[in-house]
Amino acid sequence: MALKRVLSGVQPTGSLHLGNWLGAIRNWVELQKTHETYFCVVDLHAITVSQDPQLLAKNTLSTAALYIACGINPDISSIFVQSHISAHSELCWLLNCITPLNWMERMIQFKEKAIKQGDNVSIGLFNYPVLMAADILLYDTDLVPVGEDQKQHLELARNIAQQRVNSKYGTNEKPLLKVPEPLIMKQGAKIMSLVDGQNKMSKSDPSDFSRIGLLDSPELITKKIKKAKSDSYSGLEFNNPERPESDNLLGLYSIISGQSRDSVAKECNDISWGKFKLMLADATVNSLEPIQAKYQEIIKDDACLRQWINIGKEKAEEQAQTTLRRLKKALGMLPPQ
Ligand code: AMP
Ligand code: TRP
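The structure displayed is predicted, hence computed values, not measured ones. (Residues numbered from 1 in each chain as written. Chains lettered and ligands numbered in written order. Predicted model: local features only at pLDDT ≥ 70, side-chain atom pairs only at ≥ 80, totals over all residues. Heavy atoms only, no water.)

Caption draft 1: Broad picture of unusual backbone geometry. Within the chain, aspartate 140 stands out as a residue other than glycine whose phi angle is a positive 45 degrees. Relative to the helices and strands, aspartate 140 is located in the loop between helix H7 (123–137) and strand E4 (143–145). With phi around 65 degrees, asparagine 239 is a residue other than glycine that occupies positive phi space. Here asparagine 239 shows up in the loop between helix H9 (218–227) and helix H10 (244–257). Residue classification places asparagine 239 among the exposed residues on the basis of a relative accessible area of 65%. (Helix = DSSP H or I, 4+ residues; strand = E, 2+ residues; numbered from the N terminus. Buried < 20%, exposed > 50% of the residue type's maximum accessible area, 1.4 Å probe, protein only.)

Structural data, given as structure tokens:
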């Protein structure tokens, strides 16, 4: 039987952080053992907000290198750059023409990002979820491992496939597009900011102290954790609505140290914030050390990294073109001869 297919991506908009790793990429590493896996660097999504052209290509390569450093095996998984496969933009256009405007107006992430952008909101930012649906639907994807924040975008992709494509242009026996399922981890799906336990850790937060970059030095990691927001209670605990920072940092400690939530809750129940932060900093530095060492090796060998991305592109493109042709035909576009 054919393996189920997995696709996911991260934007090359800055350095990846603990949220990206623990909420998404960590899950990819496991899935590649049992699924056919595609992981793209979504540079077309990145330009929905202004990017420095000097940095975009560099960040695209370094994001691909970090995938590998985190454990994605390029011999097993296809790693590719979204803009290398024009079918993504093409399918996005076809889906634009069949997606109702009022579905798009409900998108929470657009509203949040638009507020941050002020007067400078592009049509691309509004369109972002349709491009994401195109990414997913092009590969007949079964499962999409993402963080909690992407749940609504996944729902949109499902609705487009089911209600706007399959039910209108397909038949029950032969659906045109596969309807994907989201895969959101129980733990780590929403890592919060270090400076505010009520806000998610994000690349776009203006404060660098709000997040831990996967490539931050041990000294910087320790400094950021020491400065992280705490509260006036003693001891750490889960599930106290008045203590979002305790919940977040204890949760991080549990995932990073590989111990159960019960066990860290017992261990940290009556220790001081100061002592806890040192334990968390040590655990974080230790868990990122092998990723950082591997990243340094990979990023040095530009030719090899580019070769992996090219191989990933070849495989992905074949699949993408097949789906695109199928949809164009169903929509009635004249095939070239
Ligand atoms: P982005 O940084 O927006 O390109 O996100 C890439 C992936 O990381 C997506 O699957 C997100 O859902 C996930 N992600 C981003 N931020 C967080 C966070 N703070 N906690 C958990 N997952 C996250
Ligand atoms: N929107 C996702 C994010 O910011 C990134 C993304 C783009 C993605 N295309 C995708 C994730 C396809 C999964 C599948 O987190």
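Text resumes after the structure shown.
Caption draft 2: Expanded view of the site of ligand 1. With respect to spatial proximity, 18 residues lie near ligand 1, and among them Gly147, Asp149, Ile191, Met201 and Lys203 are the closest. At 3.0 Å, a backbone N or O of glutamine 11 approaches an oxygen atom of ligand 1. Isoleucine 191 is positioned with one of its backbone polar atoms (N or O) 2.8 Å from a nitrogen atom of ligand 1. Contact with the protein chains removes 93% of the 480 Å² of surface that ligand 1 exposes when unbound. (Near = heavy atom within 4 Å. Polar contact = N/O pair within 3.5 Å; in protein donor to acceptor, adjacent residues only side chain to side chain. Areas by Shrake-Rupley, 256 points an atom, 1.4 Å probe, with all protein chains shown as cover.)

Caption draft 3: Quick look at the site of ligand 2. In the neighbourhood of ligand 2, 13 residues make up the surrounding shell, with Gln11, Tyr128, Met132, Asp135 and Gln150 lying closest. Contact distances for ligand 2 include 3.2 Å between an oxygen atom and a side-chain N or O atom of glutamine 11. Contacts to ligand 2 include aspartate 135, whose side-chain N or O atom sits 2.6 Å from a nitrogen atom. Here ligand 2 has 360 Å² of accessible area as a free molecule, and 91% of this is covered by the chains. When residues of the shell around ligand 2 are traced back to their parent elements, those giving at least two are strand E1 (5–10) and H7. Counting residues per element, the shell around ligand 2 draws most heavily on H7, which supplies 4 residues.

Caption draft 4: Summary view of the nonpolar core. Counting 57 residues, the largest nonpolar core has Leu18, Trp21, Tyr67 and Phe276 as its most contacted members. Among the elements that make up this core, the one with the highest residue count is helix H12 (residues 273–300) (11 residues). Apart from residues lying up to four places away in sequence, tyrosine 67 is in contact with Gly9, Val10, Ile25, Trp28, Phe39, Cys40, Val41, Ile72 and Ile79. Among the nonpolar cores identified, the runner-up in size contains 42 residues, and Cys40, Leu95, Leu125 and Ala320 belong to it. (Core = buried A, V, L, I, M, F, W, Y, C linked by side-chain atoms within 4.5 Å. Contact = heavy atoms within 4.5 Å.)

Caption draft 5: Fine view of the pattern of salt bridges. Applying the stated rule across the entire model yields 16 salt bridges. In this structure, glutamate 245 engages lysine 229 in a salt bridge whose closest nitrogen and oxygen atoms are separated by 3.5 Å. Of the two residues, glutamate 245 sits in helix H10 while lysine 229 sits in the loop between H9 and H10, which places them 16 residues apart along the sequence. Here glutamate 237 makes a salt bridge to arginine 243, at a shortest N to O gap of 3.1 Å. Residue glutamate 237 is classed as partly exposed on the basis of its relative accessible area, which comes to 29%. (Salt bridge = Lys/Arg side-chain N within 4 Å of Asp/Glu carboxyl O.)

Caption draft 6: The arrangement of the pairing of strand E2 (residues 36–41) in detail. With respect to burial, E2 is a largely interior element, 6 of its 6 residues being buried. Both faces of E2 are covered, namely the face carrying Glu36, Tyr38 and Cys40 and the face carrying Thr37, Phe39 and Val41. Across 6 bridges, E1 lies against E2 in parallel orientation. Bridge pairing in E2 places glycine 9 opposite cysteine 40. Since E1 and E2 lie parallel, the crossover through helix H1 (residues 18–31) that links them has a hand, and here it is right-handed. Pairing between E2 and strand E3 (residues 78–81): 4 bridges, direction parallel. Paired with valine 41 across the two strands is valine 81, which belongs to E3. (Pairing = 2+ DSSP bridges. Right-handed = clockwise from strand over helix to strand, strands pointing away.)

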